[in-house]
Amino acid sequence: MARKLPRKDVVIIGLGWTGSIMAYELADAGLDVIAIERGPWRNTATDYPPGYAADELRYRIRHELFLSPSQTTFTFRNKMSEAALPIRSWGAFMPPNGVGGGGVHWNAETWRFLPSDFVLKTHLTERYGAGFLPDDMTIQDWGVTYDELEPHYDRFEYLCGTSGQAGNIKGKIMEGGNPFEGPRSRAYPNPPQDQPFGHTLFGKAARELGYKPFPQPSGNMSRPYQNPLGIRLGPCTYCGFCEWFGCGNYSKASPQTTVLPALVRKPNFTARDNSEVTRINVDSSGKRATGVTLVDASGDEWEQPADLVVLSAYTIFNVQLLLLSGIGKAYDPAANTGVIGRNFTHQTISDVVSFFDPAKFVFNPFIASGAIGMCIDEFNGDNFDHGPHGFVGGGYMGNVQTNGRPIETTPVPPGTPLWGAEWKKAVKENYQSAIKPGTGVHGSMYSYRDVYVDLDPTYKDRFNRPLARITMDFHDNEIKQNKFLTDKFAEIFQAMGARQVHKEYRKAPYDITKYQTTHLCGGAIMGTDPSTSALNRYLQSWDVPNLFVTGASAFPQNAGYNPTGTVAALAYWAADAIRSKYLNNPGQLINA
Amino acid sequence: MQRRTFLALAAWLVGTTSLTRATVIHNHVPWSPHPNSPPEIERLGPWQFFTLDEARAMEAIVDRIIPPDAETPGGKIAGCAVFIDRQLKGPYGSNQGLYTLGPHTKGTKQQGPQSALTHAELYRTALAALDKHCKSTQGGKSFAELDAAAQDDVLRKIESGEVKFDRVDAQGFFSALLKDVPEGFFSDPIHGGNNDMVGWKMIGFPGIRYDYRDWVNRHNERYPYPPVSIAGRADWTPAKS
Ligand SMILES: Cc1cc2nc3c(=O)[nH]c(=O)nc-3n(C[C@H](O)[C@H](O)[C@H](O)COP(=O)(O)OP(=O)(O)OC[C@H]3O[C@@H](n4cnc5c(N)ncnc54)[C@H](O)[C@@H]3O)c2cc1C
Ligand code: SF4
């Protein structure tokens, strides 16, 4: 029997990026807040100090800061006709675990989506006609617009100290920034980071080809910064151990370096770590959440009653908890009914690896940060005419190489044997003079009727609960998109003077063993119609109004950018709605 | 709680450290003046996982995957076999942290490996099979006793699928080698390989220096300083006589 803990105003499930933001905002409104986090508490000084933060084997290869699949994992199949099998060791994405969530070990590439991304269905239908979209594509408008989110993007960027060059301030196009971005109310809080040699060269070649390259917006500090909560971050040292690693310098924006020190000081905030929420409890009407059930690391079960529940456990864990708690109607792709698990997406990433003359080029690839790089946005979203190409969507592309860590980043020209003397020679020859951006082409993935999440009929987690099952494959639209973008990307490396350019197109079938990004999206999407969305435009559950769900699970489809800027802007937007609307009159905020 | 649930939970808890306790954080940051989990440093010494015969075969294998050349030692001197030995003795060897519950069904390539074997079991079984294969086809000689050309030939046939082992996937074993041997060559020396940072020196990787603000704007100029490991550098400690 679960023991009962004292009632709180708010229980937050998961203390990652959005959990920290929501906890701060709601505690700041005077509410009594508790956050329950599955993983351990993490601090810079005790968990990833500079003395050993840079251990490639431990953190990158053995994934020490991530969730262990033994704790929970997912099953995967490409097609509805196949039997799904468990992901035994992480591959295509890497689920976070522990206080700070993905914020601890992200790159901090901090983007906004395009204004047209938020009204995607309407925009594409108006421009190209409904017949242009594939029949089984299920893209939707978000129910919120870029202009509504702008102040909240701004808040997140100032919280983080994002380093970047504005491209559009209140409609005025700024030299050196991204001319395609939506209008922003002011410049970034910090200037862009310095760019190493290879990244600079990419920018130069792109400019000569007629593009408008700009530095990637980065949550790695270009200079010391104090954020509006009074927390100070130090300058990034380009250590080259950023993505997958915690930052030993307090230089990467994370909940630890931007929110938690101020949050923990609030007397009306409490956190419980090493405790996994196993269920959101609802009353007999099924329309009101009464709190959550959790199991701590000793196996003891507790019940945490609360008036308001915020689910911020990361995309797929959000979906899984909704399914396991029976909240909202589960999606059925055959009948095309239900919403929980619907419109699940990931990303369409590809890379181009190029080899330069070692006698002329020394890139020092180990000098880099997580969000370093020069990018172009000409081929993102609907920034170009898709009419002649027969696909929709796109992505930014850039030389965003983040590291020269030798286990991961020792590229050799195609055709080199995989071992032996020739391999060794090629590694040595090319290490300093090759460029491998990693996620160079950052393409969108739109939603489809047969790409979704439900519960697996066979495999169970350690509590004997069904694992969440992912059914996902690439569709022709994304494959065409990727071919087009990858070819454009390769032209820039050619122009840089590479002597060999190797294109690694993304191809079907979707492969769960090949890392793309940890940008899972959808499954509990926001929208204007309860029959095709799980949440209203304030991230409030249509079915259980005292439940708000934050995270990229709300995205109706994924855009050609990293998600967290938008994830965080949505969290601020929802917090604002709770503070200014919901608390005065708790109940459904939208009459649909 | 159902018995099965309890057993699964207990099995999971065994894998977590004694530090893993749920704590309540209120009005303080649970900061301790010591690192939560400082790195463990692997030292030279007896084999911890491999038998002497297995170790002999592994040292021969790692020296073919990464052969010595005039400037840089091969996998054996670099300590790649020691690295794999220490890994197989530890959590990697027992597949700790991975999802190991059944059923174990072979799926499509893109569904990922589904084998019920642990990494330690894979090496143990495959090395025994390799030994049997060599002795029966090479006039009674073990892998380590073959000359380099014959060793390469055996490895190439395993890689291509021409040579199969009875009880274990020979190509799967070869894939594990192609992952684990370079990891031993390039990971921090604290893990038992990359002796004297030979892998890093070969390519010019400065290790964990962590601060390149002085060099980020020096475009196309080779970074001049030698590598540093988590355990420092040999020349920081005057040689003991
Ligand atoms: C290696 C890597 C690099 C990335 N780089 C970028 C980048 O450069 N730019 C970008 O925009 N995005 C990046 N991301 C994605 C980014 O980390 C996420 O978008 C972001 O962290 C999502 O915030 P969230 O609050 O939704 O989830 P998270 O920050 O992941 O937090 C969720 C928290 O909930 C906890 N939790 C889960 N289930 C439960 C449960 N049942 N009970 C209790 N707690 C639970 C988890 O342990 C976790 O701490 C990256 C991700 C990874 C893994
Ligand atoms: S690259 Fe910069 S922000 Fe990233 S971990 Fe290193 S010092 Fe920190």
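Conventions used here
- Residues numbered from 1 in each chain as written.
- Chains lettered and ligands numbered in written order.
- Predicted model: local features only at pLDDT ≥ 70, side-chain atom pairs only at ≥ 80, totals over all residues.
- Heavy atoms only, no water.
- Helix = DSSP H or I, 4+ residues; strand = E, 2+ residues; numbered from the N terminus.
- Rg over C-alpha atoms; globule rule 2.2 N^0.38 Å.
- Buried < 20%, exposed > 50% of the residue type's maximum accessible area, 1.4 Å probe, protein only.
- Contact = heavy atoms within 4.5 Å.
- Areas by Shrake-Rupley, 256 points an atom, 1.4 Å probe, with all protein chains shown as cover.
- Lys, Arg positive; Asp, Glu negative; His and termini not counted.
- Charge placed at Lys NZ, Arg CZ, Asp CG, Glu CD.
- Near = heavy atom within 4 Å.
- Polar contact = N/O pair within 3.5 Å; in protein donor to acceptor, adjacent residues only side chain to side chain.
- Salt bridge = Lys/Arg side-chain N within 4 Å of Asp/Glu carboxyl O.
- Nonpolar A, V, L, I, M, F, W, Y, C, P; charged D, E, K, R; others polar.
- Pairing = 2+ DSSP bridges.
- Axes fitted to C-alpha atoms, helices over the stretch in contact; angles between N-to-C directions.
- Phe/Tyr/Trp six-rings, centres within 6.5 Å; stacked < 30°, edge-to-face > 60°.
- Lys NZ or Arg CZ within 6 Å of the ring centre and 35° of its normal.
- Parallel < 35°, antiparallel > 145°, perpendicular 65-115°, else oblique.
- Left-handed = near helix turned anticlockwise from the far one by under 90°.
- 1 Å grid on protein atoms, 1.4 Å probe; cavity = no way out; pocket = protein on both sides within 12 Å on 5 of 7 lines; lining within 4 Å.
- Points joined across faces, edges and corners; volume = space filled by probe spheres on them.
- Core = buried A, V, L, I, M, F, W, Y, C linked by side-chain atoms within 4.5 Å.

Please explain the overall build of chain A as it appears in this structure.
Of the regular secondary structure elements, chain A holds 12 helices and 23 strands. Here chain A has a C-alpha radius of gyration of 23 Å; the compact-globule value for 592 residues is 25 Å, and the two agree. In terms of principal-axis extent, the alpha carbons of chain A reach across some 70 × 55 × 50 Å. Burial status across chain A gives 69% buried among its 592 residues. Across chain A, the fraction of contacts at a sequence separation of at least 24, relative to all contacts at a separation of at least 6, is 76%. A total accessible area of about 17,600 Å² is found for chain A, and carbon and sulfur atoms account for 51% of it. Averaging the positions of the 56 positive and the 58 negative side-chain charges in chain A gives two centres separated by 3 Å.

Could you clarify how one ought to interpret the site of ligand 1 in this entry?
Residue and element names in this part refer to chain A. In the vicinity of ligand 1 there are 37 residues, among which Thr18, Glu37, Gly98, Glu109 and Thr564 approach most closely. At a separation of 2.9 Å, an oxygen atom of ligand 1 approaches a polar backbone atom of Gly98. Here a nitrogen atom of ligand 1 sits 3.4 Å away from a polar atom, N or O, in the side chain of Asn562.

Would you mind going over the interface of chain B and chain A with me for this structure?
Note on interface size: it is often stated as the accessible area lost on association of the parts. Between chain B and chain A, the residue contacts involve 92 residues of the former and 96 residues of the latter. Run the count over chain B and chain A and you get 3 salt bridges. Where chain B touches chain A, the interface holds 39 residue pairs in polar contact (both at pLDDT 80 or more). Listed by contribution, the elements that provide at least two residues to the side of chain B that touches chain A are α1 (3–14), β1 (24–26), α2 (52–65), α4 (80–89), α6 (148–160), α7 (170–186) and α8 (198–203) of chain B. For the side of chain B that touches chain A, the element with the most residues is α7 of chain B, which contributes 7 residues. Taken together, the residues that form the side of chain B that touches chain A break down as 45 nonpolar, 31 polar and 16 charged. Two strands pair when backbone bridges link them, and strand β11 (residues 269–272) of chain A and β1 of chain B are joined in this way by 3 bridges, in the antiparallel orientation. Each bridged residue has a counterpart across the sheet, and for Thr270 of chain A the counterpart in β1 of chain B is His26 of chain B.

Please explain the sheet that holds strand β20 (residues 452–460) of chain A as it appears in this structure.
Paired through backbone hydrogen bonds, the strands of a sheet run either parallel or antiparallel to each other. Residues and elements named next belong to chain A. Judged by pairing direction, the sheet is mixed, and its 4 strands sit side by side in the order β5-β4-β21-β20 without closing on themselves. Edge positions in the open sheet fall to β5 (85–86) and β20, since each of these has one partner strand only. Relative to β20, helix α9 (residues 315–325) is tilted by about 70°, and along the sheet it contacts β4 (74–77), β20 and β21 (466–471).

Explain the packing of aromatic side chains here, please?
Aromatic rings in a pair are described by how distant their centres are and how their planes are angled relative to each other. In total, this model carries 58 aromatic pairs over all chains according to the counting rule given. When the centroid spacing of 5.0 Å and the interplanar angle of 80° are considered together, the rings of Trp17 of chain A and Phe156 of chain A count as edge-to-face. With Trp17 of chain A in helix α1 (residues 17–28) and Phe156 of chain A in helix α5 (residues 146–160), this residue pair connects regions lying 139 residues apart in the sequence. Classification of Trp17 of chain A as buried rests on a relative accessible area of 9%. Centroid distance Phe361 of chain A to Phe363 of chain A: 5.8 Å. Interplanar angle 35°. Geometry classified as tilted. The rings of Tyr59, Phe241, Phe245 and Phe366 of chain A together with Trp200, Phe205, Tyr212, Trp215, Tyr223 and Tyr225 of chain B are connected pair by pair, giving a single aromatic cluster. The ring of Phe317 of chain A carries the charged tip of Arg38 of chain A above its face, separated from the ring centre by 4.2 Å.

Mind showing me how you'd approach the packing of α5 of chain A against helix α12 (residues 564–582) of chain A here?
Residue and element names in this part refer to chain A. In contact at an axis separation of 8 Å, α5 and α12 are set at 110° when each is read in the N-to-C sense. When the axes of α5 and α12 are compared, the pair comes out roughly perpendicular. The crossing of α5 and α12 is right-handed. Contact with α5, carried on its side by Glu148, Leu149, His152, Tyr153, Arg155, Phe156 and Leu159, involves Thr564, Gly565, Thr566, Ala568, Ala569, Leu570, Tyr572, Trp573 and Asp576 of α12 and no other residues of that element. Within the contact of α5 with α12, the residues separate by chemical class into 9 nonpolar, 4 polar and 3 charged.

Got a minute to help me understand the layout of surface pockets in this structure?
Unoccupied space between atoms shows up once a probe the size of one water molecule is rolled over them. All names here are of chain B. For the second largest pocket, the calculated volume is near 560 Å³. Around the second largest pocket sit 18 residues that line it, and Ile41, Glu42, Arg43, Pro189 and Ala231 are the ones nearest its centre. Among the residues making up the lining of the second largest pocket, the classes are represented as 8 nonpolar, 6 polar and 4 charged.

Looking at this model, I keep getting lost on the pairing of strand β13 (residues 289–296) of chain A. Mind explaining?
The two faces of the sheet receive side chains in turn, since in a regular strand these alternate between them. Residues and elements named next belong to chain A. Extensive coverage of β13 is indicated by the burial of 7 of its 8 residues. Bridge count for strand β12 (residues 275–282) against β13 is 7 bridges, and the pairing is antiparallel. In the strand pairing of β13, Ile280 is matched with Val292. Between β12 and β13, which pair antiparallel one after the other, the connecting turn spans 6 residues, and Gly286 there sits at a positive phi close to 75°. Of the strand pairs in this sheet, β13 and strand β14 (residues 301–311) are connected by 5 bridges, and their pairing is antiparallel. What sits directly across from Val295, in β14, is Glu301. Adjacent in sequence and paired antiparallel, β13 and β14 are bridged by 4 residues, among which Gly299 carries a positive phi angle near 90°.

Before we go on, may I ask you to explain the pattern of salt bridges in this structure?
For side chains bearing opposite charge, pairing can occur when the charged atoms are close. All names here are of chain A. Within this structure, the stated rule accounts for 50 salt bridges over all chains. Salt-bridge contacts for Arg288 lead to Asp307; the nearest nitrogen and oxygen are separated by 4.0 Å. Here Asp307 lies in strand β14 and Arg288 lies in the loop between β12 and β13, a separation of 19 residues in the sequence. Each of Glu25, Asp28, Arg155, Lys266 and Arg579 takes part in a single network of salt bridges with overlapping partners.

Even after reading the chapter, I still don't get empty space enclosed by the protein, so can you show me in this structure?
All names here are of chain A. Per the counting criterion, the structure on display carries 9 cavities of 30 Å³ or more. Considering only enclosed or pocket space, the second largest cavity measures out at about 120 Å³ in volume. The wall of the second largest cavity is formed by 16 residues, among which Trp111, Asn178, Glu181, Arg184 and Tyr188 lie closest to the centre. Split by residue class, the lining of the second largest cavity holds 9 nonpolar, 3 polar and 4 charged.

Help me out: how do you make sense of the side chain of Asn281 of chain A in this one?
Residue and element names in this part refer to chain A. Structurally, Asn281 can be placed in strand β12. Assessed through its relative accessible area of 12%, Asn281 is described here as buried. With residues near it in sequence (within four places) discarded, Asn281 still touches Arg288, Ala289, Thr290, Gly291, Val292, Thr293 and Glu303.

Where do I start with the site of ligand 2 in this structure?
Every residue lining ligand 2 is accounted for by Asn220, Cys236, Thr237, Cys239, Phe241, Cys242, Cys247, Asn249, Ser251, Lys252, Ala368 and Ser369 of chain A. A per-class count over the shell around ligand 2 returns 6 nonpolar, 5 polar and 1 charged.

How should the nonpolar core be read in this particular structure?
Note that soluble globular proteins tend to have their nonpolar side chains buried in a common cluster. The biggest cluster of nonpolar side chains holds 206 residues, and the ones touching the most others in it are Met58 and Phe165 of chain B. With 12 residues, the top contributor of residues to this core is α12 of chain A. Here Phe165 of chain B is in contact with Ala126, Ala129, Leu130, His133, Ile158, Ala170 and Phe173 of chain B, once residues within four sequence places are set aside. Grouped together as the second largest cluster of nonpolar side chains are 27 residues, Ala206, Ile376, Phe484 and Ala490 of chain A included.

Help me understand α4 of chain B in this model?
Think of an α-helix as turning once every 3.6 residues; residues three or four places apart then point the same way. For α4 of chain B, a buried count of 9 out of 10 residues is recorded, marking the element as mostly surrounded by other parts of the structure. Those residues of α4 of chain B that sit buried are Cys80, Ala81, Val82, Phe83, Ile84, Asp85, Arg86, Gln87 and Leu88 of chain B. Buried positions along α4 of chain B lie against α3 (56–61) of chain A together with α2, α3 (75–78), α5 (119–137) and α7 of chain B.

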